[in-house]
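Structure assessment
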Amino acid sequence: MNWDDLRIFLAVARTGTLSAAGQRLGVDPTTVARRIARLEGRVQQTLFELTPTGHVLTARGVEMLHHAQAMESAAIASVERSADNDGFPGGTVRVSVSEGFGTWIIARHLHEFTGLYPGIAIELVASTGFLNPSRREADIAIMLARPKSGPLVVRKLTDYRLGLYAARGEARKAIQGLADLKRHPLVGYVPDLIYAPELRYLDDISDGLTASLASTSVNAQAALVRSGAGVGILPCFIGDADAAVERLLPGDIDIRRAFWLVVHRDLRGIARVKMFIDWLDGLIARLAPLIQGRPAR
C-alpha cells in the first residue's frame, strides 16, 4: 500500500477536512481528495463520511487508521534507531502549550535546549487552545487539565500559582479588600471564548466579578495590567517576573492550578521526545520558585 496515500489519509483523519489536511501537508485540497479516492478504490471501501462538520471516519476508516498509525510508528522508530546509531539525534518535536507558559518559561530558555541538541528542531505552538496529541497534532502537549481518554501517557508536570496584579503603585491604595474589586476596572478573558474552565479565575474570587477589559491573550492581559488600565489575575511566573507590576491581596487571592504533560504513547520512547521532556523537567525544577509562586501571606 502506498505510504504517501496513507500519509494523506492520516492528515484528513486528524484534521477532519480536506483543506486543513492540505494545508498541513503543503498540497491543495483537490490533490487530497484525489488521493483519498484512490485509496478508497484500492481497498474498495468508503473510509470517510462527509458530514456538515467535515470528514468523519467510517468503521472501515477506523480500521485503516489503526493500520496507518502502526506503519507511522514503525517508520518513526526506524529513523530514531538510525539517528541513535549515528550518535546525533535529530528530527522535529512539536510542542503544544498555553501562550503564557510557552512565552514566559519555555521560549525564554529554549536556546539552552537547542544549544545541547542542535539537530533537533522545535515547533513551539504557544496559543489559546491546544493541539491534540491523540490525533498526533503535537508530539508533546502541556495542558491545563488531565485528559480523560486517549492513547496517551499523562503526568502532572508542575503546580503553578496565580495572583492579582496591578501596575506598580497605581491601585494599591484603591484596593484594600475583595469588595473594592467591584469598583475597579478588571482585566480578564473574554467569557464566551474561554477554551478551558481552569481559566475562569474571577469565579474563584467572588460572585459577580466581570472583566471590563477582556482579551483571549494572557500576554495582552499582562500588557493591560502593566499599563495601569486595570487589575487582573496573572500567573505568578508572569507577574513576579515583571518589575512594572505588583501583587495585591495575596492573603485573599491565591489561586492554584497545574500543568499536565501529555504524550502519545507511541512516541514516549522516541529519543528526541525524551530529550525534550528531560530538559523541560530540569528547567521546571530550576525555576520552581518562580513557577509555583510565593505562598500567600
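These lines cover the structure that appears in this document, whether it is placed above or below. Because the structure is a prediction, the values reported are computed rather than measured.

Considering all chains together, one arrives at 11 aromatic pairs under this definition. Taking the centre distance of 4.2 Å and the plane angle of 10° together, the rings of Tyr 160 and Phe 259 count as stacked. Taken as a pair, Tyr 160 in strand β6 (residues 152–167) and Phe 259 in strand β11 (residues 255–264) lie far apart in primary sequence, 99 residues in all. Side by side, Tyr 160 and Phe 259 carry an identical accessibility label, which is buried. Here a set of aromatic residues connected by ring pairs shows up, and it is made of Phe 101, Tyr 160, Phe 237 and Phe 259.

Looking now at the side chain of Arg 272. Summarising the element assignment, Arg 272 is placed in helix α9 (residues 271–286). Assessed through its relative accessible area of 13%, Arg 272 is described here as buried. Polar side-chain contacts of Arg 272 include one of 2.9 Å to the backbone oxygen of Thr 92.

Two elements in contact, helix α5 (residues 99–116) and α9, have axes whose closest approach is 10 Å; the angle formed by their N-to-C orientations is 120°. Taken as axis vectors, α5 and α9 run oblique relative to one another. As for the relative orientation of α5 and α9, their crossing is right-handed in sense. Facing Phe 101, Ile 105, Ile 106, His 109, Leu 110, Glu 112, Phe 113 and Leu 116 of α5, the residues of α9 in contact are Met 275, Phe 276, Trp 279, Leu 280, Leu 283, Ile 284 and Arg 286. By residue class, the composition of the contact of α5 with α9 is 12 nonpolar, one polar and two charged.

Enumeration over the complete set of coordinates arrives at 15 salt bridges. In this structure, Asp 4 and Arg 7 form a salt bridge, with 3.9 Å as the shortest nitrogen-oxygen distance. On the criterion of helical spacing, the pair formed by Asp 4 and Arg 7 is a turn pair, its members being three residues apart in helix α1 (residues 3–15). Between Arg 257 and Asp 204 there is a salt bridge, and its shortest N-O distance comes to 2.9 Å. Here Arg 257, found in strand β11, pairs with Asp 204, found in helix α6 (residues 201–205); they are 53 residues apart in sequence, far enough to count as distant. Residue class for Arg 257 comes out buried when judged on its relative accessible area of 16%. Ionic contacts of the salt-bridge type, sharing partners, join the residues Asp 5, Arg 35, Arg 38 and Arg 42 into one network.

Rules and cut-offs
Residues numbered from 1 in each chain as written. Predicted model: local features only at pLDDT ≥ 70, side-chain atom pairs only at ≥ 80, totals over all residues. Heavy atoms only, no water. Phe/Tyr/Trp six-rings, centres within 6.5 Å; stacked < 30°, edge-to-face > 60°. Helix = DSSP H or I, 4+ residues; strand = E, 2+ residues; numbered from the N terminus. Buried < 20%, exposed > 50% of the residue type's maximum accessible area, 1.4 Å probe, protein only. Polar contact = N/O pair within 3.5 Å; in protein donor to acceptor, adjacent residues only side chain to side chain. Axes fitted to C-alpha atoms, helices over the stretch in contact; angles between N-to-C directions. Parallel < 35°, antiparallel > 145°, perpendicular 65-115°, else oblique. Left-handed = near helix turned anticlockwise from the far one by under 90°. Contact = heavy atoms within 4.5 Å. Nonpolar A, V, L, I, M, F, W, Y, C, P; charged D, E, K, R; others polar. Salt bridge = Lys/Arg side-chain N within 4 Å of Asp/Glu carboxyl O.

Purely geometric stuff here, so don't read any function into it on its own.
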